[in-house]
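# Per-entry structural report
The lines below spell out each chain.
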Number of protein chains: 2
Amino acid sequence: MRIVSLKLFPIAIADPPIRSSYGLHAPYAIRTIVEIETDEGIKGISETYGGEGPMAQLEAARDQIIGMDVMQRMGLWLDFEKRAAEEAKGAAGDRSQTWHVPGENPMDRHTRTFAAVEIACLDAMGKALNKPACDLLGGRARDAVPFSAYLFYKHAGGGGLGDDEREDEYGEGLTPEAMVRQARQMIDFYGFEEIKLKGGVLDPDEEIETIKALRRAFGPKVPLRIDPNCAWSVDTSVKVGESLVEELSDGGYLEDPCAGLDGMGEVRRRLLAQGIPTPFASNVAVTHFRHIPEAYKLDAVQIVLSDPHYWGGLRAQTLLDHFCGVLGMGVSMHSNNHLGVSLMAMSHAAAACPNLHYACDTHYPWQTERDEVVVGGRIKFEKGCVRIPDKPGLGVELDYDQVARLGERYAKLPYRKRDDEAEMRKRVDPNWKRVLPRW
Amino acid sequence: MRIVSLKLFPIAIADPPIRSSYGLHAPYAIRTIVEIETDEGIKGISETYGGEGPMAQLEAARDQIIGMDVMQRMGLWLDFEKRAAEEAKGAAGDRSQTWHVPGENPMDRHTRTFAAVEIACLDAMGKALNKPACDLLGGRARDAVPFSAYLFYKHAGGGGLGDDEREDEYGEGLTPEAMVRQARQMIDFYGFEEIKLKGGVLDPDEEIETIKALRRAFGPKVPLRIDPNCAWSVDTSVKVGESLVEELSDGGYLEDPCAGLDGMGEVRRRLLAQGIPTPFASNVAVTHFRHIPEAYKLDAVQIVLSDPHYWGGLRAQTLLDHFCGVLGMGVSMHSNNHLGVSLMAMSHAAAACPNLHYACDTHYPWQTERDEVVVGGRIKFEKGCVRIPDKPGLGVELDYDQVARLGERYAKLPYRKRDDEAEMRKRVDPNWKRVLPRW
């Protein structure tokens, strides 16, 4: 089962003007669809970060990928891990994508590139063996994977431009009331039973008020999380932790309140000293296995938010799940704008992870049917969960017409990487800069 | 690929009178051959610990095993892990098989039972997919697995009884000179490039002298290790560490010098304070993933000696390998008396483990051609390594005539568990007791 062909399809998908501490999402998010084919004529697909950087890294690995046996992935993994370890030696800011949006963090480019290949290999393997991808990793821990309602403060607008502009499904969301409405709408449609709020956008007091409003609206049975992507100082992080003790209990968490493990460790100590047990999650300070020992020693992170797209794929996700379980840490999953191929990869990864007890993030509600690249259209959710289909591999096939259409759109885009800061200056405030901590 | 049949074949294999701090090996070691068959008529085999305990635990799981899909092993794993965790709660001496020979440690019975099933499943899966077992775990890190010359102090005698008595291949080994001879003979035949001495038998000064004699005979290119199975006090452990600084460098290690992580941590601190970096290995104080965090925090163990037979099989071995790699710990592999099925399972496990940089233990040289249960006879070593064969699954088939013959012998044995202490009293010293620390 050797790989004889590697195709990369850059695509652009309409994306609403949602906010984070990184800035503003552009009218189109960019992704890359990866397709391999084996010498037996079996195709395998994956979806990964978009733009020049991720594409160039995959191209650079083409010679290693072509000829590789889809079952023999260890060699590529070890080669990439070795290179990453060498680059990490003494690299400033190694343990952080604080200043990089996911997909643009140079420190995870090897695991990210590997993941795109590995997931396509597992898809092909699954098709060759007529088994779902999650069953190739030792068996599944669950048949349905829970996701959370991932709320974003947003400006009015549905994403896309011109003829391609989208209806503004969720409307403007810049007040507690609007965010409760956004949550209600998303939960009504998808059935999510857990909520995450992307913060770091408004004054912390307003974000605290949003969380409190969500709690009042949905009650303690719906866990709440807030993620300001490092926008706060240690003092502000402590203050938010103090203000949301009850709201972030019952399965909630505080995610990357401030930058760096040292800062998070300090916030943790100060909150614990007051008897506040709110756990901290991270997908910024911890982006690779090598960051976990320090996070663990400092007790800076209690829940690692993995992402199979940049942690190294499905098998890496199961390694992480096990690792964290042994250390008594929790696991959940980070997301970025994505389509159905990624959603299925994330679902298969999570299905194989028994220690994953927090609903995963997904941006899926922010994309639309018109931009889906899988045959049959958007993946269905049941009670906020994606059910692992009884189909081989990832369980989805590419709609090549859609891929071509989104590819044409990508070709016309003036940008080749995600830059939320530039977009913020362009559309909201010409003087905007990402400042950390902002509050 | 559901399991429709589970067969257990208890067998007895001739074993020479070798010594350890547990006592003396009996004339026959006992093992269990496990054979499953799937609804497609594909058989899978494994080899595990012998006697009533391990057999009864497999029998107790029969209802869970029958009907199980060989690819869906997670459910059984999680059920066993849950039970083990419950039993471990507050269990005295949980983190130790100090007082139990491997195979008789009640705390690892779940992972041990799981492993016997998992390895047979991977063998069956490999046969169904026409792939070697090690390639079902993400791909192999090596094609050949290095083992070490595992030296034992021994009395005269080749093992077996009556018509079944074996030639004494290695002769008596109770002096440094005899142990150098034993090593030479074993290395000449198998090509091993690393040496482990089972200690805890003679006065520590004599064992120190044996290591020094081995160093003189084989030079610094052959790493040396010594394993007294907790026979020493903290003070004695420190003394041995001080005496063998040079001899245990260059890839050597000191294994389970004294009982417990606290003791090993203290020895480690005292040696490090003198600038002695000799790493410590353990297969006694660390026998489950849940023991690693404490071992890591105390810096009591730098090399975990796993054993797929009681750590939970091949996948667990890869999880452990990764786990230790991330923590900067080393990995190698423990052994017990075994035949070719186990040797191949150990080899496949190690082949999938990139972080395994110390040659694995094996008792294989202590068994003979006449007792091998795999078709074609004994597994061949090349330069001390077992090469992963280009065959599906484990790469070996059962010789049923041999299994039957060794089964008849087992039926006639008066004992149903390994008891080295009783054997020691019977054959060497009627008043012998296992005392820890002995020195």
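Residues numbered from 1 in each chain as written. Chains lettered and ligands numbered in written order. Predicted model: local features only at pLDDT ≥ 70, side-chain atom pairs only at ≥ 80, totals over all residues. Heavy atoms only, no water.

Strands in a sheet are paired, the pairing made by backbone hydrogen bonds, and the direction either parallel or antiparallel. All names here are of chain B. An order of β7-β8-β9-β10-β11-β12-β13 is seen for the seven strands of this open sheet, with the pairing classed as parallel. Each having just a single partner strand, β7 (149-152) and β13 (330-333) make up the two edges of the open sheet. Sheet twist, expressed as the mean angle between neighbouring strand axes with direction ignored, is 25°. Note that strand β11 (residues 280-282) and strand β12 (residues 303-306) share two bridges and pair parallel. Bridge pairing in β12 places Ser282 opposite Val304. (Pairing = 2+ DSSP bridges. Helix = DSSP H or I, 4+ residues; strand = E, 2+ residues; numbered from the N terminus. Axes fitted to C-alpha atoms, helices over the stretch in contact; angles between N-to-C directions.)

This part is about the pattern of salt bridges. Applying the stated criterion across every chain, the model contains 66 salt bridges over all chains. For A:Arg109, the salt bridge is made with A:Glu87, and the minimal N-O distance between the two is 3.0 Å. Within this pair, whereas A:Arg109 is found in helix α4 (residues 109-129), its partner A:Glu87 is found in helix α3 (residues 74-88), the two being separated by 22 residues in sequence. On the accessibility criterion, A:Glu87 (30% relative accessible area) is partly exposed. Between B:Arg140 and B:Asp143 there is a salt bridge, with the nearest N and O atoms lying 3.0 Å from each other. A relative accessible area of 17% places B:Arg140 in the buried class. Owing to a relative accessible area of 42%, B:Asp143 belongs among the partly exposed residues under this scheme. (Salt bridge = Lys/Arg side-chain N within 4 Å of Asp/Glu carboxyl O. Buried < 20%, exposed > 50% of the residue type's maximum accessible area, 1.4 Å probe, protein only.)

Bringing the domain arrangement of chain A into the picture now. Many structure descriptions define interface size as the accessible area lost when the parts assemble. Residues and elements named next belong to chain A. By the assigned domains, chain A splits into domain 1 (3-134 + 401-411) and domain 2 (138-394). Taking the mean C-alpha position of each, domain 1 and domain 2 sit 21 Å from one another. Carbon and sulfur atoms supply 58% of the area buried between domain 1 and domain 2, which totals about 5000 Å² over both sides. Along the contact surface separating domain 1 from domain 2 lie three salt bridges. A salt bridge links Arg409 to Asp164; the nearest nitrogen and oxygen atoms lie 2.4 Å apart. On the surface where domain 1 and domain 2 come into contact, there are 32 residue pairs in polar contact (both at pLDDT 80 or more). For the side of domain 1 that touches domain 2, the leading source of residues is α4, giving ten residues. Partitioned by chemical class, the residues of the side of domain 1 that touches domain 2 number 29 nonpolar, 13 polar and 15 charged. (Domains from an automatic or database assignment. Buried area = accessible area lost by both parts, 1.4 Å probe. Polar contact = N/O pair within 3.5 Å; in protein donor to acceptor, adjacent residues only side chain to side chain. Nonpolar A, V, L, I, M, F, W, Y, C, P; charged D, E, K, R; others polar.)

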